[in-house]
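This is what each chain is made of:
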Amino acid sequence: MGTLLVRRLAALVPVILGVSVAVFLMLHAVPGDPAQIIAGQEASVEDVAQVRHSFGLDQPLAVQYARFLSRAVVGDFGTSFRTKRPVIDEIGDRYGYTLLLGAAAIAFAVAVGILVGVVAAVFKHSWVDNVCLLVSLVGVSVPNFFLGLLLMLGFSVWLQLFPLTGADTAWHVVLPAVTLGLPSAAVIARIMRSSLIEILGNDYIRTARAKGLPEWLVVGRHALRNALMPVVTVVGLQMGYLLGGAVIVETVFAWPGLGRLTVQAIAARDFPVVQAAVLVLAATFVLVNLLTDLVYSILDPRVTLS
Amino acid sequence: MLGTCRCVAVLAALALGITPVAAQTPKGTLVFASGGDADTLDPHFILERPDVRVSMHIHENLVNFDQNGELKPELAESWSVSDDRLTWTFNLRKGVTFHDGTPFNAEAVKQSFERILDPATASPRRSIASVISAVKVIDEYTVALITDKPFAPLPSQVSMFNLAIVGPAAKTPGADYARKPVGTGPFKFAAWQVGEKITLVRNEAYWGPKPAIERIEFRVVPEDSARVLQLMSGEADVIANVPPAMLPQLKSSSAVKVIQETSFRTVLLGVNNKIKPFDDLRVRQALAHAIDTSSLVKGVLRGIPKHGGGIEAPDIPGARKDLPPYAHDTAKARRLLAEAGYPNGFSTTLMTPTGRFMNDRQLAEAIQAQAREVGIDIKIEAPEWATYNTLLNKREVPLFLSTKGNPTGDLDLTMHLVAHSAGQMNFYNWKNPKADQLIETQRGTTDREQRYALLSEIQQSFYDEVPAIVLFYDAQLYAARSNVTGVRVQPNETVTFTHVRKN
Amino acid sequence: MNDIPSFTAAAHVVAGANAAEGTARRNGLAIFWRQFRRSQLALPGGLLVLAFVLVACFAPLIATHDPLKNDLARTLMPPGAENWFGTDELGRDVLSRVVYGARLSLSEGLVAVLLALAAGVPIGVVAGYVGGRTDMIIMRLIDVLMAFPGVLLAIAIISVLGPSLFNVILAVALYTIPIFARLARGATLSVKEEPYIEACRALGVPHLRTLWRHVLPNIAAPILVIAALRVAISILTASSLSFLGLGAQPPSPEWGAMLASGRNYILIAPHLVIFPGLAIVLLVFGLNLFQDGLRIALDPKTTDLR
């Protein structure tokens, strides 16, 4: 399995390289001259030219890309146009926040999703099940920017339980994490339900019941573990979704994460930051997918990593 | 990876179930919430307002403005100009030290000016300093700035935030001055949590009267509503950019007060004088008569800003105060359009930024509706800021909403940018040889009244030829807890907390 | 590119290989209908969507005011007799704007998905049918596209093209392409080995004809199911982009754009956020219900996957 893992990792290299080329080309196609933006409206022509030169933007595209790549492979992503800080520091400051938000969101999604899914499966076809279904369908139908605003309105403005925006204390993470995690919770709940119902129909469950085990023990000890298998895959898929959703949620809640940084950097034409941030996000994304496969293959020996 | 560590701490706190921090800031700390984080604290690289607000508590200029817009000594105690009007001598304040203990003297001033002038520094604002051709140390506490041509507005020019005196530390290679600024100001830089807050602490060795507060936190709270809520709950002491619509709520609360100041910023509807049909004066006049600025101010901006017709805000020394807005007269507008050959109106495009100044996009929509009344069909485009700027610079957009501020309070700065045919912000493509000449002449005129008379003439031609339609003069809306006094909001859009007291 | 959670993706995990092979034959309309009715929620969902379609078609009859007409004397009015949903910051009637907004949102979803289908399906079918090096190159490119967190890709594309309703549709379509391409490729791969395709090949039927007459009809069902889901997701994404100010331009009453300008008044006029937000939720909810029914109807092997 070790060699397979190495091979899978190696296969990611061209993908990441492709992403870097795509980002690079896209950035340079974007209207809006970074030098002009940085220098500001009132800057003189000489000022703008000076800035352009200091960023190396007066070099041919191929030269710029080659320089970017040769530095990037040794972990040097250059300095931010805007702040003049090393890009690696800019991203380091923000990455932790995005990971924290993502982790909190996925924890919320898994906890709520599994709980609701188990309840729905145990009470299948009853009104409880129907309510769970409806709620989870609404859960995937709410755009996260709207959900975020609703939660702000309810919990920050009216009830004043949570701070509105920012990332100062532990309480700040609650609303963004719920906003980001809710749609995933809905998906996990549904998959949990179907999976558990399928498992509960199996012979060995019937045997366990026949032995007179109480239902909670049947579900808890025998069915749940096996029913969790598909949930693992879904959680992996959802992590990818969370990275994308974080862009919006971070903007709504003014969360100082990587997604918001990227949006701001695109707006400010801060090329080095955009390049690095998108690469980091993309790398995280593909690595999470790989990790999901890995966990899955450990849980279920029949699945190989190929 | 400081952020990551903090996150772990936050996560731990969450796990332990720590309750939210009590609202109410510590007595010695002032928490100021505004919309944007700073990019750099190095004055030679500063372009945006959030940066200025922080930097001007850390750094000082040779000369600065007082509350009434008059020049006052700061790091220079006095100054004078030579008879040939080319050498400006500044007598420096003695006994001042930078935050790292290095003494402030003529050599430090020379180094600071030479740093921004050095092309290797790559300052995006080198041109602000470029009138200065040499800096001479006369003695320990006397320094001379030399210009090639007479430049009357020099003292106000050096009050510009880009020309603040940076500490000699800026010259040390790898100093990261943008993040570790070392000035002479009343506050010292302490910490910067990117995207969240910048903390300054009181400079105990300050040469002037010591501030009453010990710390200032500049907090980033992009959402308007969030800032208002933080103020209401006491999490913030002062907030910037209060949305006009929320004024009634704030005014009705006894815990907070609104601080409203005028500003040197003019908000205008720019017209590209080269693009048909706006190359015809009558069409520009028609548009001016079609727009009802007083209903814009009342409806979109809740009656807060002042309105008038002059290109320069009336509070700037030397600005015309007697130019009224073009009268709202749709019949006249239609007649002018018909005379110009557009009896049925025409279609055009208006470009607006979003969220860059008070209710900008709503303003564009309201203008669109008003212009429709006289048959001008406006299509609104709201590109993002970067694209907006690039398009503006290409000067190919027929109509655009834009603003012009004035950081030094001297008309020369903006008149040259906006009204000179080579002006960097003459997005209107307005060419008036007489105005160009007047702008050059006033630069060499040291007599104040004479200079203002020349500048007044330029303002008149700008008014008559309507290269842009002046909508109103921006208002600055801040709000503070009622126990906070001494917040000084200046018309050049800076805000000083040095004199703040919390009772 | 699972940037919005998908029930169907989850369902496929449980159903295992069912989804890919389970639709080899076309069902009669009657069977379809019976199956469709099995999901009790499909019909209400369909009706809900139909209601929005009708509102969009007859917007001028339903709207009580001109959606673009400013009334600066009546700004930010709460819901009342004159304006049922209140007025916005320029005194425009929110109800009328929401009604006209249905046109924009529906077309965002439909056009984006149709564009993505038109591009993605041929790519996937060709990759799967031809195989070999072509397949490898296409799939690598798709991998690169899929390594971007979706919203970021869309933001980058719009930065290049400039913000407008159509460019948002284009961006959403572009990042939906890989999803259809992968799906079409997978389905084609399994159909390719069927005897009747082998027979076509043996008889020398031209490839294009084989693809059009035999491959496409047999892979249509699973693609249709996902397409219905993607309409819902595209509406969510497009409105998110408009929320970020990248989509429909003022004064057009796009729901996401309405939320974006309304959020500034959330403390004093929450109706500006609530009504357009609810409109998005209801439409997407209806689409999700409908899609659920479609999935069950087109996949007769599903038993309890609701």
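Please read all numbers here as calculations on a predicted model, not as lab measurements. (Residues numbered from 1 in each chain as written. Chains lettered and ligands numbered in written order. Predicted model: local features only at pLDDT ≥ 70, side-chain atom pairs only at ≥ 80, totals over all residues. Heavy atoms only, no water.)

Explanation requested: the overall build of chain C in the structure shown.
Along the backbone of chain C there are 13 helices and zero strands. Start at the N end of chain C and walk to the C end: the helices and strands fall as α-α-α-α-α-α-α-α-α-α-α-α-α. Burial analysis of chain C (306 residues in total) assigns 58% to the buried set. Taking contacts inside chain C between residues at least 6 apart in sequence as the whole, the part at least 24 apart equals 74%. Working note: accessible area of chain C is about 11,900 Å², and carbon and sulfur atoms make up 68% of it. (Helix = DSSP H or I, 4+ residues; strand = E, 2+ residues; numbered from the N terminus. Buried < 20%, exposed > 50% of the residue type's maximum accessible area, 1.4 Å probe, protein only. Contact = heavy atoms within 4.5 Å. Areas by Shrake-Rupley, 256 points an atom, 1.4 Å probe, with all protein chains shown as cover.)

So what exactly am I meant to see when it comes to the interface of chain C and chain A here?
By a widely used convention, the size of an interface equals the accessible area lost when the partners come together. Taken together, the contacts link 53 residues of chain C with 61 residues of chain A. Where chain C abuts chain A, roughly 4,900 Å² becomes buried across the two surfaces, and 78% of that area is made up of carbon and sulfur atoms. Linking chain C with chain A are one salt bridge, by the criterion used here. Arginine 190 of chain A serves as the salt-bridge partner of aspartate 292 of chain C, at 3.3 Å between the closest nitrogen and oxygen. Put simply, chain C and chain A have three residue pairs in polar contact (both at pLDDT 80 or more) between them. Where the side of chain C that touches chain A is concerned, the elements lending two or more residues are α1 (7–15), α7 (132–147), α8 (150–161), α11 (207–243), α12 (255–262) and α13 (271–298) of chain C. Take the side of chain C that touches chain A: its biggest share by element is twelve residues, from α13 of chain C. The residue makeup of the side of chain C that touches chain A, split by class, is 37 nonpolar, eight polar and eight charged. (Buried area = accessible area lost by both parts, 1.4 Å probe. Salt bridge = Lys/Arg side-chain N within 4 Å of Asp/Glu carboxyl O. Polar contact = N/O pair within 3.5 Å; in protein donor to acceptor, adjacent residues only side chain to side chain. Nonpolar A, V, L, I, M, F, W, Y, C, P; charged D, E, K, R; others polar.)

For this particular structure, what's the right way to read the packing of aromatic side chains?
Aromatic ring pairs are defined here through the distance separating the ring centres and the angle between the ring planes. Residue and element names in this part refer to chain B. Going through the model one piece at a time under the given rule, you end up with 25 aromatic pairs over all chains. Centre to centre, the rings of tryptophan 385 and tyrosine 388 are 5.2 Å apart; their planes meet at 15 degrees, and the pair counts as stacked. With tryptophan 385 and tyrosine 388 both in helix α12 (residues 385–394) and three residues apart, the pair spans about one turn of that helix. A residue is classified by how much of its surface remains accessible, and tryptophan 385, at 25% relative accessible area, is partly exposed. An aromatic cluster of three or more residues is present, and its members are Phe400, Phe427, Tyr428, Trp430 and Phe462. Above the face of the tryptophan 385 ring, arginine 356 is positioned so that its terminal group lies 3.9 Å from the ring centre. (Phe/Tyr/Trp six-rings, centres within 6.5 Å; stacked < 30°, edge-to-face > 60°. Lys NZ or Arg CZ within 6 Å of the ring centre and 35° of its normal.)

Help me understand the interface of chain C and chain B, please; the structure alone is not making it clear to me.
Each side of the interface is counted separately: chain C has 20 residues, and chain B has 25 residues. For the pair chain C and chain B, the summed buried surface comes to about 2,000 Å²; carbon and sulfur atoms form 53% of the total. It is Leu72, Pro250 and Leu267 of chain C in chain C that bury the most area against chain B; as a group they hold 27% of the surface buried on that side. Linking chain C with chain B are two salt bridges, by the criterion used here. A salt bridge links glutamate 365 of chain B to arginine 92 of chain C; the nearest nitrogen and oxygen atoms lie 2.3 Å apart. Its residues placed into classes, the side of chain C that touches chain B shows eleven nonpolar, five polar and four charged.

Would you mind showing me how to read the nonpolar core here?
Inside soluble globular proteins, nonpolar side chains tend to come together where they are buried. Among the nonpolar cores identified, the biggest contains 225 residues, and Leu269, Leu363 and Leu471 of chain B are the most heavily contacted of them. Looking at this core element by element, the count peaks at 15 residues for helix α10 (residues 215–252) of chain A. A domain-level breakdown of this core finds at least three residues from each of domain 1 (2–41 + 191–261 + 476–502) and domain 3 (262–474) of chain B. The residues touching leucine 471 of chain B, leaving out its near neighbours within four places in the chain, are Val267, Leu268, Leu269, Ile291, Thr293, Leu296, Val297, His307, Leu363, Ile367 and Leu401 of chain B. (Core = buried A, V, L, I, M, F, W, Y, C linked by side-chain atoms within 4.5 Å. Domains from an automatic or database assignment.)

Help me out: how do you make sense of the sheet that holds strand β6 (residues 132–139) of chain B in this one?
Backbone hydrogen bonds are what pair the strands of a sheet, in a parallel or an antiparallel way. All names here are of chain B. If you trace the four strands from one edge of the open sheet to the other, you get β4-β5-β7-β6, paired in antiparallel fashion. In this open sheet, the two edge strands, each paired with only one partner strand, are β4 (76–81) and β6. Strand after strand, the sheet turns through a mean of 20 degrees between neighbouring axes, direction not considered. In the sheet, β4 pairs with strand β5 (residues 87–92) via five bridges, with the strands oriented antiparallel. Opposite alanine 76, over in β5, you have leucine 92 as the bridge partner. Of the strands in this sheet, β5, β6 and β7 (142–147) touch helix α3 (residues 106–117), which is tilted by about 165 degrees from β6. (Pairing = 2+ DSSP bridges. Axes fitted to C-alpha atoms, helices over the stretch in contact; angles between N-to-C directions.)

How should I be thinking about the sheet that holds strand β13 (residues 346–351) of chain B in this particular structure?
Residue and element names in this part refer to chain B. What the ten strands build is an open sheet, ordered β8-β9-β10-β1-β11-β16-β12-β15-β13-β14; its pairing is mixed. With one partner strand each, in any of the chains shown, β8 (187–193) and β14 (376–381) form the two edges of the open sheet. In this structure, strand β11 (residues 238–239) lies alongside strand β16 (residues 468–481), joined through two bridges in antiparallel fashion. Bridge pairing in β16 links valine 238 to alanine 480. Packing against the sheet, helix α11 (residues 360–372) makes contact with β12 (256–271), β13, β14, β15 (399–404) and β16, and its axis sits at approximately 160 degrees to β14.

When you look at α7 of chain C in this model, what are you seeing that I'm missing?
Helical geometry: 3.6 residues make up each α-helical turn, so side chains three or four residues apart lie on a common side. Here α7 of chain C spans 23 Å end to end across 16 residues, near enough to the 22 Å set by a 1.5 Å rise per residue. Within the span of α7 of chain C, buried status applies to Asp135, Ile138, Met139, Ile142, Val144, Met146 and Ala147 of chain C. Turning to α7 of chain C, the residues buried within the fold contact α1 (2–29) and α12 (271–299) of chain A together with α6 (94–130) and α9 (165–192) of chain C. (Expected span 1.5 Å × (residues − 1).)

I tried to follow the packing of helix α5 (residues 87–122) of chain A against helix α11 (residues 258–267) of chain A on my own but got confused; where do I start?
When two helices pack together, you describe them by how their axes are tilted relative to each other and by the distance separating the axes. Residues and elements named next belong to chain A. Look at α5 against α11: their axes get within 7 Å of each other, and the N-to-C directions meet at 135 degrees. One finds that α5 runs oblique with respect to α11. On α11, the residues that touch Glu90, Ile91, Arg94, Tyr95 and Thr98 of α5 are Leu258, Gly259, Leu261 and Gln264. For the contact of α5 with α11, the class distribution of residues is four nonpolar, three polar and two charged. (Parallel < 35°, antiparallel > 145°, perpendicular 65-115°, else oblique.)

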